[in-house]
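Close look at the chain arrangement
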Amino acid sequence: MDGMGQFFAMGGYAFYVWPAFAIVLVVMALLWFASVRGWRKSEQTLAALRRNRRQRESDEA
Amino acid sequence: MHYFANPARFTRLAGIIQPWAGALAAILLVVGLYLALVVVPADYQQGDTVRIMFVHVPSAWMAMFCYSFLAVASAIALIWKHPLADLAAKASAPIGAGFTFLALVTGSIWGKPMWGTWWVWDARLTSVLILFFLYLGYMALWQSIEDGQKAAKAAAVLALVGAINVPIIKFSVDWWNTLHQPASVLRMDGPAIHPSMLWPLLIMALAFKAYFVALLMARMRMELNLRRIRALRLAERTS
Amino acid sequence: MTRKQRRLYIVGGFMLIFAAAAALVLMAFEENIVFFYSPSELAQKMKEQPIPPGRRLRIGGLVEEDSVQRDADGVTMIFRVTDTVDVLPVRFRGLLPDLFREGQGIVAEGSLAADGTFVATEVLAKHDETYMPKEVAEALKKAGQWQGDPK
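**Notes on the overall build of chain B**
When its secondary structure is counted, chain B shows seven helices and zero strands. Ordered by position in the sequence, the α and β elements of chain B form the string α-α-α-α-α-α-α. Projecting the C-alpha coordinates of chain B onto the three principal axes gives extents of approximately 70 × 35 × 30 Å. For chain B, the residues scored as buried account for 59% of the 239 residues in total. Here the contacts in chain B between residues at least 6 apart in sequence split such that 74% fall between residues at least 24 apart. For chain B, the computed accessible surface area is about 9,900 Å², with 71% contributed by carbon and sulfur atoms. For chain B, the distance from the average site of its 19 positive side-chain charges to the average site of its 10 negative ones is 9 Å.

**Here we look at the environment of C:Pro39**
Residue and element names in this part refer to chain C. With respect to the helices and strands, Pro39 occurs in helix α2 (residues 39-48). The sequence separation of Pro39 and Leu62 amounts to 23 residues, and the corresponding C-alpha distance is 9.7 Å. Apart from the residues within four sequence positions on either side, Pro39 is in contact with Gly60, Val81, Thr82, Asp83, Asp86, Val87 and Leu88.

**Quick notes on the nonpolar core**
Grouped burial of nonpolar side chains is what soluble globular proteins tend to show. Counting residues in each nonpolar core, the largest one holds 81 residues, and the members touching the most others are B:Met53, B:Tyr67 and B:Phe208. Of all the secondary structure elements, the ones that give two or more residues to this core are α2 (14-60) of chain A together with α1 (7-39), α2 (53-80), α3 (85-114), α4 (123-144), α5 (148-162), α6 (165-175) and α7 (195-238) of chain B. Residue contributions to this core peak at 14 residues, all from α7(B). With sequence-adjacent residues up to four places away left out, B:Tyr67 is seen in contact with B:Leu131, B:Leu134, B:Tyr135, B:Leu158, B:Ala159, B:Gly162, B:Ala163 and B:Val166. In terms of nonpolar packing, the next biggest core, distinct from the first, is built from 18 residues, C:Leu42, C:Val81, C:Ile106 and C:Leu112 among them.

**Some remarks on a nonpolar patch on the surface**
Taken together, the side chains of B:Trp80, C:Met1, C:Leu8 and C:Tyr9 make up a nonpolar region of the molecular surface, amounting to roughly 460 Å² of accessible area. Note on placement: C:Met1 falls in the segment before α1 (3-28).

**Topic: the pattern of salt bridges**
What the rule picks out here adds up to ten salt bridges over all chains. Of the charged contacts in the structure, one is a salt bridge between B:Arg227 and B:Asp86, with a shortest N-O distance of 3.3 Å. Linking B:Arg227 in helix α7 with B:Asp86 in helix α3, this pair joins segments that are 141 residues apart in sequence. Judged by relative accessible area, which is 33%, B:Arg227 ranks as partly exposed. Residue classification places B:Asp86 among the buried positions, given a relative accessible area of 16%. Through salt bridges that share partners, C:Arg56, C:Arg58 and C:Glu109 make up one connected network.

**A few points about the environment of B:Gln181**
Its place among the elements puts B:Gln181 in the loop between α6 and α7. Residues B:Gln181 and B:Arg124, spaced 57 residues apart in sequence, show a C-alpha to C-alpha distance of 9.2 Å. Apart from the residues lying within four places of it in its own chain, the contact partners of B:Gln181 are B:Trp115, B:Val173, C:His127, C:Asp128, C:Glu129 and C:Tyr131. Here the side chain of B:Gln181 touches C:Tyr131 through a polar contact of 3.2 Å, side chain to side chain.

**Topic: the side chain of C:Lys45**
Assignment of secondary structure puts C:Lys45 in helix α2. Judged by its relative accessible area of 11%, C:Lys45 falls in the buried class.

**Quick notes on the pairing of strand β4 (residues 87-92) of chain C**
Taken residue by residue, a regular strand's side chains alternate between the two faces of the sheet. Residue and element names in this part refer to chain C. Burial along β4 is one-sided: Leu88, Val90 and Phe92 are buried, and none of Val87, Pro89 and Arg91, which face the opposite way, are. Direction of pairing for strand β3 (residues 77-82) relative to β4: antiparallel, over a ladder of six bridges. In the strand pairing of β4, Thr82 is matched with Val87. Linking β3 back to β4 in an antiparallel pair, the connection comprises four residues, with Thr84 at a positive phi of about 65°.

**Describing the environment of B:Phe208**
Within the fold, B:Phe208 resides in helix α7. With a relative accessible area of 0%, B:Phe208 lands in the buried category. Residues B:Phe208 and B:Val55 lie 153 residues apart in sequence; the distance between their C-alpha atoms is 9.3 Å. Setting aside residues no more than four positions away along its own chain, B:Phe208 makes contact with A:Val24, A:Met28, B:Leu29, B:Val55, B:Pro58, B:Ser59, B:Met62 and B:Phe99.

Criteria and cut-off values
Residues numbered from 1 in each chain as written. Chains lettered and ligands numbered in written order. Predicted model: local features only at pLDDT ≥ 70, side-chain atom pairs only at ≥ 80, totals over all residues. Heavy atoms only, no water. Helix = DSSP H or I, 4+ residues; strand = E, 2+ residues; numbered from the N terminus. Buried < 20%, exposed > 50% of the residue type's maximum accessible area, 1.4 Å probe, protein only. Contact = heavy atoms within 4.5 Å. Areas by Shrake-Rupley, 256 points an atom, 1.4 Å probe, with all protein chains shown as cover. Lys, Arg positive; Asp, Glu negative; His and termini not counted. Charge placed at Lys NZ, Arg CZ, Asp CG, Glu CD. Core = buried A, V, L, I, M, F, W, Y, C linked by side-chain atoms within 4.5 Å. Patch = residues over 30% accessible without salt bridge, like charges linked within 9 Å, V, L, I, M, F, W, Y side chains within 5 Å. Salt bridge = Lys/Arg side-chain N within 4 Å of Asp/Glu carboxyl O. Polar contact = N/O pair within 3.5 Å; in protein donor to acceptor, adjacent residues only side chain to side chain. Pairing = 2+ DSSP bridges.

Given below as structure tokens:
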């Protein structure tokens, strides 16, 4: 299918167009995963700290 | 603004906004990428390299928008002492730095075939590189100062000092002779981009904006949690 | 005034002073941060403070119509660069960018020869800010509405 070939060739500029798009998607994906993971981890840590606190308070009571 | 100063209320709101903004970003991104890569015709002058514009320009816009957001939040933190303002500034910095990096890299990749070089030290490119260093310096400042409140203040001052760079970036192509061409969208005579290319550009810009909002909500919730964790640990040590 | 008002004035005042300082610094260094001279800017500069031959600088402008030709040696390109006010002859031996053509904007780095010609070591294409599909450009040309390649 010549259409697909032309699409990937990007008028001869494939060497520039595809890496540009690739790096944008990679960086945005990495930033997304790092941020969401950081947030989820902080939720877990906070929940654990609060549980320990409640546990200790009920032990002392 | 003060309505959202209550952390619990903000957290609830952020929890609702984040998934919706994320979904919107994903949808707009898919649509925008399809338009940019498949539908939009080649440019009369730049051929298929023009497709790089659809990621380069939105990245550059976000790079400047994030810094403006960061600077305004810093001013609000310094002047109104809003409890969430410095968190908002801190949370937005990595996102802005990422977009600035992308603007520089995609711009360089686009410049090589069209201009004939990967880089020049003209006013536009140099000032955007400075913006990137400002982001890094801002984030480093937060990391390097132990005391949270002192770090917030120092970072806010740096943010405001660096804010002068934003209008410099915008007007660099008008004030000095540059290799980078003048503005194509936000200019006195209206956009110099054909509608068939302008609309996909605006869709990509909106996609990047929604992505920013979603990530900002996640990062701000994370910063709030980290603040609470620090407070709890401090209380335990002293009790 | 309230403490908040005072903080507002301090921050605002600081920003204004810093902006003024930045503007002054940039204006003072204007000479040194010129990225390229247009032909008329170069002519002006040569009158005020002549640049000696061999000193590296950059020039920019449009490639004058009907001015591009190959030199007798078969390799060097000769053309003229104009900003519609002044014209500067250029000689260049090397690879020209894809977008190089008559009427196109360029930025060249090199030095002035003794005879006033600019001997370029690098030629970059400077394109304008307009974007449109090929068909639209063709249609505009046919309708006689083509504005050429501005800037």
